[in-house]
Amino acid sequence: MPNKSIGFGRRGTLLLVYQFLAYCGYCAFTNFPQNVMSEYYGGTTVTTLMSLIGSLVGYVITYFIVAPRINKIKSVKRVGLIIGCISLVFCALICLVPPTNRILWCTFFVCVLITTQLWGCFFATMLIGNWFPRRKGTVMGIVTMAFPIITGICLSLFFTHFYSKFGANMAIFHGDVAKAVVRANISAFSPYWIAALISILVCAIFLKDFPEQVGEFRDNDKSFTAEMAQQMMIAEVEARQKSVWKRSKIWGCKDWWLMSIPNSLLLSCAMAFMVQIIPVLNGYGEKLDVLAIPGFILTSTGVNTVLFGLSIFACFGSWLLGVIDTKFGTKKAVLITGIIMLISGILGMLDSAVCAVAACWGLGLFMGASSNFGLSAIVRYWRAEDFPSVYSGSPPIGTVIGAVFPFLVASIAAKFTYSAAFLFVAIMAVVAIVCISLFNPLGIAKYDNKLRVAAGMEADNVLIDRFNAEKNKK
């Protein structure tokens, strides 16, 4: 049994800081342009279309360029840092380009979407899998709090208030819209750019690809000696070179699809609404003012109060579902999250200010949780040595759905109403619940052994014993 520790280790904690701040940068520079800047750079339809293009190109790069070489990369950390630095350049450029040059701005925004996705959501997150293979649910539950905090609290604090008060609205007064918007961009985005830079410095100075390389222990499990931990790391690195989970083989695993489809639907529906949450809430206008609490900037308007509440619910959901993931399995955590998503979709359909608030807070719950599962499912249900191959080489279902849904939800809302868009969410929740109910971890174990035998390796009970032990623990 592992020697459990409440903490994550000194450098393990710094890894959480790195991932948290990387997520902050990713969320701010991909979400806020669609929520706030879209007013000046072509509208929500244009920005969501750019998001679709950027996400798809990012996946093509991951699947066709990175995945075939993932086990040959000597340092995932180093590659991630290089891409992170490149992303900071493009993040700065979207703030400096005025609304008068929308084509150039859209080009840079697509580059932001590609590079921040590769950095914050792929290479940085892979380190979590290397450092915390057993505690990944809890860890991801903590670091993904960045999404609700940035989308809810910081969207209110730095954009709906700061941006309008001191930035773009001043343009009308002074008569120079382009300069005022650029000034607002720089002022409002600076904290997130600085946070992303700090995260890169933390990783560059204090972290390595594996905890053993800096004298730490995986999962902060100190029941192993340093020599044992070093030998385990070397054995795993060698085993990764022989991973049987090639890109083409993943397509044929039925239970991969049954896990990936609900994960993709949960996260994609959440993000599709979060990048348009301001238009959703503005549709109820003065009806939300009763929720305003004067004297506190985060609750100075009804919309801000709802966003603040959404952040609280999302942080709670991220933590709670992360704990459930760790203790009882990713399947159960995904199922519970799917039920919350269904309830949220039904409430949003009712076209009532009260129900809209409840739906948004429910959206926060399943958004906070859904960010956890893409990594934790792979770490939990696959061998450690197969994690990089599966994580980088998986079929593009999550990326395609995640890229299409913001544009699709915006189009549904434009043609009908956001109530119709919530109906769409409810339908997707039913699909997610059905898929995860059919998912069977033993199916992955059997398919894994089939691949091992075909590759001339021996079949074993490593995954079967793990899943049976998990089942008996419940």
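It should be noted that the structure appears before, not after, this text.
The rules behind each value
- Counting restarts for each chain, with residues numbered from 1 along the sequence as it is written.
- For this predicted model, a pLDDT threshold of at least 70 governs which residues receive local features, and a threshold of 80 or more governs which side-chain atom pairs are given and counted, while totals over whole chains, interfaces and linings are taken from all residues.
- In computing side-chain properties, one takes all heavy atoms of the structure into account and sets aside hydrogens as well as water.
- The set of buried Ala, Val, Leu, Ile, Met, Phe, Trp, Tyr and Cys residues whose side-chain atoms join them within 4.5 Å is what this entry labels a nonpolar core.
- Burial classes: relative accessible area under 20% of the type maximum marks a residue as buried, over 50% as exposed, and values in between as partly exposed (1.4 Å probe, protein chains only).
- Each helix corresponds to a stretch of at least 4 residues labelled H or I by DSSP, and each strand to a stretch of at least 2 residues labelled E; elements are numbered beginning at the N terminus.
- A 1.4 Å probe that fits but cannot get out identifies a cavity on a 1 Å grid over protein atoms alone, an open set with protein on both sides within 12 Å along at least five of seven lines counts as a pocket, and a residue lines either if it has an atom within 4 Å of a point.
- Grid points are joined across faces, edges and corners, and a volume is the space filled by probe spheres set on the points.
- Classification convention: Asp, Glu, Lys, Arg as charged; Ala, Val, Leu, Ile, Met, Phe, Trp, Tyr, Cys, Pro as nonpolar; all other residues, Gly among them, as polar.
- Residue count minus one, scaled by 1.5 Å, sets the expected span of a helix.
- Between N or O atoms, a polar contact is any pair within 3.5 Å; within protein, one atom must be a potential hydrogen donor and the other a potential acceptor, and residues adjacent in sequence are included only when both atoms are from side chains.
- To obtain an axis, a line is fitted to C-alpha atoms, over the contacting stretch when the element is a helix, and the angle between two such axes runs from 0 to 180 degrees between their N-to-C directions.
- If you view the pair so one helix is near and one far, a crossing is left-handed when the near helix is turned anticlockwise from the far one by less than a right angle, and right-handed when it is turned clockwise.
- Any two residues whose heavy atoms approach within 4.5 Å at even a single point are treated as in contact.
- Cysteine sulfur atoms that come within 2.5 Å of each other are treated as a disulfide pair.
- By definition in this entry, angles of less than 35 degrees are roughly parallel, angles greater than 145 are roughly antiparallel, angles of 65 to 115 are roughly perpendicular, and the rest are oblique.
- Here a salt bridge means any side-chain nitrogen of Lys or Arg lying within 4 Å of a carboxyl oxygen belonging to Asp or Glu.
- To pair, rings of Phe, Tyr and Trp, with the six-membered ring standing in for Trp, must have centres within 6.5 Å; the planes then decide the type, stacked if under 30 degrees apart, edge-to-face if over 60, and tilted in the middle.
- The criterion is that NZ of a Lys, or CZ of an Arg, lies within 6 Å of the ring centre and within 35 degrees of the ring normal, and then a charge sits over that ring.

## Comments concerning the nonpolar core
So, step 1. Formed by 131 residues in total, the largest nonpolar core has its most connected members in Tyr-18, Phe-29, Trp-245 and Ile-277.
So, step 2. Here the element with the most residues in this core is helix H4 (residues 102-131); it accounts for 17 residues.

## Thoughts on empty space enclosed by the protein
So, step 1. Overall, the coordinates contain 1 cavity of 30 Å³ or more when judged by the stated rule.
So, step 2. As for the largest cavity, its lining consists of 48 residues, and the residues nearest its centre are Gln-117, Cys-121, Leu-267, Gly-398 and Thr-399.
So, step 3. Only helix H1 (10-35), helix H2 (44-66), H4, helix H10 (254-274), helix H14 (353-381), helix H15 (387-393) and helix H16 (397-415) provide two or more residues apiece to the lining of the largest cavity.
So, step 4. Broken down by element, the residue count for the lining of the largest cavity peaks at 8 residues, all from H10.
So, step 5. Of the residues belonging to the lining of the largest cavity, the class tally is 25 nonpolar, 23 polar and no charged.

## Let's talk about helix H18 (residues 441-454)
So, step 1. With 14 residues, H18 ought to run about 20 Å at 1.5 Å a step, and its terminal C-alpha atoms sit 20 Å apart, in line with that.
So, step 2. Buried residues of H18: Pro-441, Ile-444, Ala-445, Tyr-447, Asp-448, Asn-449, Leu-451 and Arg-452, and no others.
So, step 3. Its side-chain oxygen at 3.1 Å from the backbone nitrogen of Leu-442, Asn-440 defines the N-terminal cap of H18.

## A look at the packing of H1 against helix H3 (residues 76-96)
So, step 1. Close contact between H1 and H3 brings their axes to 12 Å; oriented N to C, the two are set at 35 degrees. Here H1 and H3 pass one another in a crossing that is left-handed. Together, Tyr-18, Phe-29 and Pro-33 of H1 and Leu-81, Cys-91, Ile-94 and Cys-95 of H3 make up the contact between the two elements.

## Describing the environment of Cys-203
So, step 1. You can see Cys-203 is positioned in helix H7 (residues 177-206).
So, step 2. Here Cys-203 falls in the buried class, since its relative accessible area comes to 0%.
So, step 3. Along the backbone, Cys-203 and Ile-103 are 100 residues apart, and their C-alpha atoms lie at a distance of 34 Å.
So, step 4. If we skip the residues at most four places from it in the chain, Cys-203 touches Tyr-18, Lys-77, Leu-81 and Leu-127.

## A closer look at the state of the cysteines
So, step 1. In this structure the tally under the stated criterion is 0 disulfides.
So, step 2. Cysteine Cys-121 is unpaired, with the sulfur of Cys-27 as its nearest cysteine sulfur at 9.2 Å.
So, step 3. The exposure class of Cys-121 is partly exposed, given its relative accessible area of 22%.

## A few points about the packing of H10 against H16
So, step 1. Where H10 contacts H16, the two axes come as close as 8 Å, and the packing angle between them is 30 degrees. Put simply, H10 runs roughly parallel to H16. In this structure, H10 crosses over H16, and the sense of that crossing is right-handed. Taken together, the residues of H16 that come into contact with H10 (itself represented by Trp-256, Trp-257, Ser-260, Ile-261, Ser-264, Leu-265, Ser-268, Cys-269, Ala-272 and Phe-273) are Ile-397, Gly-398, Ile-401, Gly-402, Phe-405, Pro-406 and Val-409.

## Details of unusual backbone geometry
So, step 1. Residue Asp-219 is not a glycine yet carries a positive backbone phi of 60 degrees.
So, step 2. Positionally, Asp-219 belongs in the loop between H7 and helix H8 (226-240).

## With respect to the pattern of salt bridges
So, step 1. This model, assessed by the stated rule, comprises 5 salt bridges.
So, step 2. We note a salt bridge from Asp-325 to Arg-380, for which the minimum N-O separation is 3.8 Å. Note that Asp-325 is positioned in helix H12 (residues 302-328) and Arg-380 in helix H14, a separation of 55 residues in sequence.
So, step 3. The class of Asp-325 is buried, set by a relative accessible area of 0%.
So, step 4. By relative accessible area, Arg-380 is classed as buried at 7%.
So, step 5. The residue Arg-383 makes a salt bridge to Asp-460 at a minimum N-O spacing of 2.6 Å. Pair noted here: Arg-383 is in the loop between H14 and H15 and Asp-460 is in the loop between H18 and helix H19 (462-473), with a separation of 77 residues, a long-range link.

## Digging into the packing of aromatic side chains
So, step 1. Going through the model one piece at a time under the given rule, you end up with 19 aromatic pairs.
So, step 2. Ring geometry for Trp-105 and Phe-109: centres 5.0 Å apart, planes at 25 degrees, overall stacked. Placement of both Trp-105 and Phe-109 in helix H4 is noted, with a separation of 4 residues, approximately one turn of the helix.
So, step 3. On the numbers, 5.4 Å between centres and 25 degrees between planes, the contact of Phe-387 with Tyr-391 is stacked. Of this pair, Phe-387 and Tyr-391 both sit in helix H15, separated by 4 residues, roughly a single helical turn. For the pair Phe-387 and Tyr-391, one class covers both residues: buried.
So, step 4. If you follow Arg-247 out to its NZ or CZ, it ends over the ring of Tyr-63, 5.0 Å from the centre.

## Some details on the environment of Ser-268
So, step 1. By the secondary structure assignment, Ser-268 is in helix H10.
So, step 2. Sequence spacing of Ser-268 and Pro-191 is 77 residues, and the spatial spacing of their C-alpha atoms is 26 Å.
So, step 3. Excluding residues within four positions of it along the chain, Ser-268 makes contact with Gly-398, Ile-401, Gly-402 and Phe-405.

## Comments concerning the side chain of Ser-389
So, step 1. Along the chain, Ser-389 turns up in helix H15.
So, step 2. The class of Ser-389 is buried, set by a relative accessible area of 9%.
So, step 3. Sequence-distant contacts of Ser-389, defined by excluding residues within four places in its chain, comprise Ile-70, Asn-71, Ser-243, Trp-245, Ile-250 and Ser-394.

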